[in-house]
Amino acid sequence: MEERVAERLHGALGPLGFEVHAFKVGWYNAVLQPAFHLPYPDDTLAFVVLSTPSMFDKALKPFVNKERLKIIRDPVDQCVSHHLSSVKEIFPDQKVDVIFDYEILPSRRPKFLAQTAAHVAGAAYYYQRKDVKLDPWGEKKIFGVCIHPKYGGWFAIRGLLLFPDVQVPFLEQSAPVDCVSTEEKRTELLELFNFHWQDGRYRDIIEVKERYSEEQKTYFSTPPAERFRLLGLTR
Ligand code: GSH
């Protein structure tokens, strides 16, 4: 069952530059405090959706061109929302719940912890402070970061697709690739991500197969309000 759903999702979202990885809600809930649990039974089938570098050309630009007569406020979020919501049409007999990375609860907590989902699904390794033994940061708060074996840090976690009617008790979990395997590199990664996030060097902590184009780098490093002209939309 899982394979058929995965194949169809891959067929629909792959050509748009998205990647999907299956997991069971129970794997996710098992590593989190109850306040963060997803309210579904443990065996429920879910997918984490990532955008890869090619999403920019394959999905975002065509989406913006097609929608240019409408008012677009959040090009990236609206594009992702459009394509993930369209998935419902390929599963007309199934309930599909979609949660986006930008959604927050009234408590201002995110609706799901994206990096944890990517890790348990085997999509990208979530490196955290606890993965470094000799910790040089003292009292400082250190955020963890996911690294993808193919794209390094050049990707984003966009959402979850949940299939509440599909139970997959026998789904096998695969561990994410531990691509930043030395203590030194992990320390460097967390250092770069926490203290030099904007220069993007953390994204190249491993040799990557594909990264954002210069155009895409410029896009994401430009404040959102000024991005419209980069897309040829005048504001
Ligand atoms: N809300 C705006 C939109 O929808 O256009 C901004 C979206 C945005 O820039 N999101 C960031 C992003 O996609 C944070 S997830 N960055 C890509 C990256 O950092 O790899």
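Residues numbered from 1 in each chain as written. Predicted model: local features only at pLDDT ≥ 70, side-chain atom pairs only at ≥ 80, totals over all residues. Heavy atoms only, no water.

A. Seen up close, the overall build of the chain. A count of helical and extended segments in the chain gives seven helices and six strands. Listing each helix as α and each strand as β along the chain from the N terminus yields α-β-α-β-α-α-β-α-β-β-β-α-α. Relative to a compact globule of 235 residues, whose C-alpha radius of gyration would be 18 Å, the chain shows 18 Å and is just as compact. Contacts spanning at least 24 positions in sequence make up 74% of the contacts within the chain whose residues lie at least 6 apart. Working note: accessible area of the chain is about 12700 Å², and carbon and sulfur atoms make up 52% of it. If the 31 positive side-chain charges of the chain are averaged to one point and the 32 negative ones to another, these points end up 5 Å apart. (Helix = DSSP H or I, 4+ residues; strand = E, 2+ residues; numbered from the N terminus. Rg over C-alpha atoms; globule rule 2.2 N^0.38 Å. Contact = heavy atoms within 4.5 Å. Areas by Shrake-Rupley, 256 points an atom, 1.4 Å probe, with all protein chains shown as cover. Lys, Arg positive; Asp, Glu negative; His and termini not counted. Charge placed at Lys NZ, Arg CZ, Asp CG, Glu CD.)

B. Quick look at the packing of helix H1 (residues 2–13) against helix H4 (residues 75–90). Between H1 and H4, the shortest axis-to-axis distance is 11 Å and the interhelical angle comes to 130°. With respect to each other, H1 and H4 are oriented oblique. As for the relative orientation of H1 and H4, their crossing is right-handed in sense. Contact residues: H1 offers Arg8, Leu9, Ala12 and Leu13, while H4 offers His83, Leu84, Val87 and Ile90. Residues belonging to the contact of H1 with H4 are distributed by class as follows: six nonpolar, one polar and one charged. (Axes fitted to C-alpha atoms, helices over the stretch in contact; angles between N-to-C directions. Parallel < 35°, antiparallel > 145°, perpendicular 65-115°, else oblique. Left-handed = near helix turned anticlockwise from the far one by under 90°. Nonpolar A, V, L, I, M, F, W, Y, C, P; charged D, E, K, R; others polar.)

C. A look at the environment of His196. As for its placement among the helices and strands, His196 is situated in the loop between helix H6 (183–195) and helix H7 (214–221). Discounting chain neighbours no more than four positions away, the residues touching His196 are Glu191 and Arg201.

D. Looking closely at the nonpolar core. Of all hydrophobic cores here, the largest spans 61 residues; its most connected members are Phe23, Phe47, Leu161 and Phe163. If we skip the residues at most four places from it in the chain, Phe163 touches Val5, Leu9, Thr44, Leu45, Phe47, Phe91, Gln94, Lys95 and Val96. By size, the runner-up hydrophobic cluster in this structure holds 18 residues, among which are Tyr127, Val180, Leu190 and Leu192. (Core = buried A, V, L, I, M, F, W, Y, C linked by side-chain atoms within 4.5 Å. Buried < 20%, exposed > 50% of the residue type's maximum accessible area, 1.4 Å probe, protein only.)

E. Structural detail: the confidence of the model for the chain. When pLDDT is averaged along the chain, the result is 95, and 99% of the positions lie at 70 or above. With pTM at 0.97, the complex prediction returns an ipTM value of 0.98. (pLDDT = per-residue confidence, 0-100.)

F. Geometry of the site of the ligand. What surrounds the ligand is the set Asp74, Pro75, Val76, Asp77, Asp101, Phe155, Arg158, Arg203, Tyr212, Phe220 and Arg227. Take Asp74: an N or O atom from its side chain is 2.7 Å from a nitrogen atom of the ligand. Contact between the ligand and Asp77: an oxygen atom at 2.7 Å from a main-chain N or O atom of the residue. Here the ligand has 510 Å² of accessible area as a free molecule, and 76% of this is covered by the chains. The dominant element in the shell around the ligand, judged by the number of residues it contributes, is H4, at three residues. Looking at the shell around the ligand, its residues break down into five nonpolar, no polar and six charged. (Near = heavy atom within 4 Å. Polar contact = N/O pair within 3.5 Å; in protein donor to acceptor, adjacent residues only side chain to side chain.)

G. Looking closely at the packing of aromatic side chains. For the coordinates displayed, the defined rule picks out eleven aromatic pairs. Each ring, one from Phe91 and one from Phe163, has its centre 5.1 Å from the other, and the planes form 80°; the classification is edge-to-face. Taken as a pair, Phe91 in the loop between H4 and strand S3 (97–100) and Phe163 in strand S6 (residues 156–167) lie far apart in primary sequence, 72 residues in all. Using a relative accessible area of 0% as the deciding quantity, one classes Phe163 as buried. Taken together, a centroid distance of 4.3 Å and an interplanar angle of 20° make the contact between Tyr125 and Tyr127 stacked. Overall, Tyr125 belongs to the buried group, its relative accessible area being 15%. On the accessibility criterion, Tyr127 (0% relative accessible area) is buried. A cation over an aromatic ring shows up here: Lys141 above the ring of Phe143, its NZ or CZ 4.9 Å from the ring centre. Geometry around Tyr219 places Arg227 over its ring, the cationic atom sitting 4.8 Å from the centre. (Phe/Tyr/Trp six-rings, centres within 6.5 Å; stacked < 30°, edge-to-face > 60°. Lys NZ or Arg CZ within 6 Å of the ring centre and 35° of its normal.)

H. Representation of the environment of Lys185. Following the sequence through the fold, Lys185 ends up in helix H6. Of the residues examined, Lys185 reaches a relative accessible area of 34% and is grouped as partly exposed.

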